Amino acid sequence: MLKGKTALVTGSTSGIGLGIAKALAEQGANIVLNGFGDTAGPQAEIAALGVKVAYHGADMSKVAEIEAMMKFAAETFGQVDVLVNNAGIQHVAPIQDFPVEKWDAIIAINMSSAFHATRLALPAMQKKNWGRIINVASIHGLVGSADKSAYVAAKHGVVGLTKVTALENATTGVTCNAICPGWVLTPLVQKQVDAKALDMGLSNEEAKNLLLKEKEPSMQFTTPEELGALAVFFCSSAGNNVRGVAWNMDGGWTAQ
Ligand code: NAD
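Residues numbered from 1 in each chain as written. Predicted model: local features only at pLDDT ≥ 70, side-chain atom pairs only at ≥ 80, totals over all residues. Heavy atoms only, no water.

Colleague: Even after reading the chapter, I still don't get the nonpolar core, so can you show me in this structure?
Modeller: Across soluble globular proteins, nonpolar side chains have a tendency to be buried as a group. Counting residues in each nonpolar core, the largest one holds 28 residues, and the members touching the most others are L24, I31, V82, V84 and I134. Mapped by element, the contributors of at least two residues to this core are β1 (6-9), α1 (15-26), β2 (30-34), β4 (82-85), β5 (131-136) and α8 (224-235). Once you skip the residues sitting within four places of it in the chain, I134 turns out to touch V82, L83, V84, N85, N177, I179, A231, F234 and C235. I66, I109, A121 and L122 belong to the second largest nonpolar core, which has 22 residues in total. (Core = buried A, V, L, I, M, F, W, Y, C linked by side-chain atoms within 4.5 Å. Buried < 20%, exposed > 50% of the residue type's maximum accessible area, 1.4 Å probe, protein only. Helix = DSSP H or I, 4+ residues; strand = E, 2+ residues; numbered from the N terminus. Contact = heavy atoms within 4.5 Å.)

Following this line, the structure appears as structure tokens:
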């Protein structure tokens, strides 16, 4: 379905971003990976799917590096047809104790980077009259949780940016939508499981169950593969007129 197209997924060396990159590669898209940590492993996993893969290590908190990454993607593969704004971090603390540098980093990485990558990707998509922008927001783009002020503010911002991007391109072949996962057992969430286990003297399994029980009636984690399938749907022709939605995959979190 995406043969000959190029997808750039930010924060795709791990977790949800890697899951979405693999799902898009399975549809034939060439992939530009981004993110920290092990980069060779993810590149090999994508290459094994029979598509071209490139990597750029831009720090998504730095505008000049985002600009360099978008230029690199266009130079390497011609243009970006599918942009997945996924890179994100978390920090948990009450507002009065929230470190100012963590606030700034979360707003920059989780929200402003989506604006920068979007503004740089749009002109080529508009010229071609086809494009898909998928913002990995969160259920925290729709509801709040205590101790996550920066994350919740950034993710609500991403949902707002999604709507405006969709509206500004509504008469074109460029769509923009957000994915709002509940709990997904990635390194980002494992850190929260570890903190709960330590605080409350629980085993890993008990802490995971408690995390789920607090929020998700399904008592199941959403998987990167399920989120990848939703991204593929947004890229399909069935998604041509899906514009500006914030689509939860949250085990019933927000149905309550
Ligand atoms: P993860 O920690 O597994 O992956 C985060 C990715 O972002 C990694 O590739 C990391 O290297 C990259 N990254 C971090 N800081 C970066 C920076 N400054 N520049 C470039 N890349 C950077 O986490 P994840 O759970 O896969 O999270 C991915 C996205 O999904 C995030 O936006 C997160 O907020 C969102 N999300 C996660 C969950 C969950 O339960 N895990 C739920 C809802 C939304």
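On we go from here.
Colleague: Help me out: how do you make sense of the pattern of salt bridges in this one?
Modeller: Pairing between side chains of opposite charge can happen when the charged atoms of each approach one another. Under the defined criterion, the tally for this structure stands at 7 salt bridges. K128 is paired through a salt bridge with D81; the nearest N and O atoms lie 2.7 Å apart. Linking K128 in helix α4 (residues 100-128) with D81 in the loop between α3 (63-77) and β4, this pair joins segments that are 47 residues apart in sequence. We classify D81 as buried; its relative accessible area is 2%. (Salt bridge = Lys/Arg side-chain N within 4 Å of Asp/Glu carboxyl O.)

Colleague: When you look at the site of the ligand in this model, what are you seeing that I'm missing?
Modeller: The local shell around the ligand holds 30 residues, among which S14, N86, Y151, V184 and T186 are the closest. In this structure, G11 approaches the ligand through a main-chain N or O atom, which is 3.3 Å from an oxygen atom. Protein burial of the ligand: of its 820 Å² of free accessible surface, 93% is covered by the chains. Taking a 2 Å distance to the grid points as the criterion, the majority of the atoms of the ligand fall inside the largest pocket. Looking at the shell around the ligand, the elements that each hand over two or more residues are α1, α5 (149-168) and α6 (187-200). (Near = heavy atom within 4 Å. Polar contact = N/O pair within 3.5 Å; in protein donor to acceptor, adjacent residues only side chain to side chain. Areas by Shrake-Rupley, 256 points an atom, 1.4 Å probe, with all protein chains shown as cover. 1 Å grid on protein atoms, 1.4 Å probe; cavity = no way out; pocket = protein on both sides within 12 Å on 5 of 7 lines; lining within 4 Å. Sits in = over half its atoms within 2 Å of the grid points.)

Colleague: Which parts of the structure should I look at to understand α3?
Modeller: Between its first and last C-alpha, α3 extends 21 Å over 15 residues, near the 21 Å set by a 1.5 Å rise per residue. At its buried positions, α3 is contacted by β1, β2, β3 (53-56) and α4. G78 lies just past α3 and shows a positive phi near 100 degrees. (Expected span 1.5 Å × (residues − 1).)

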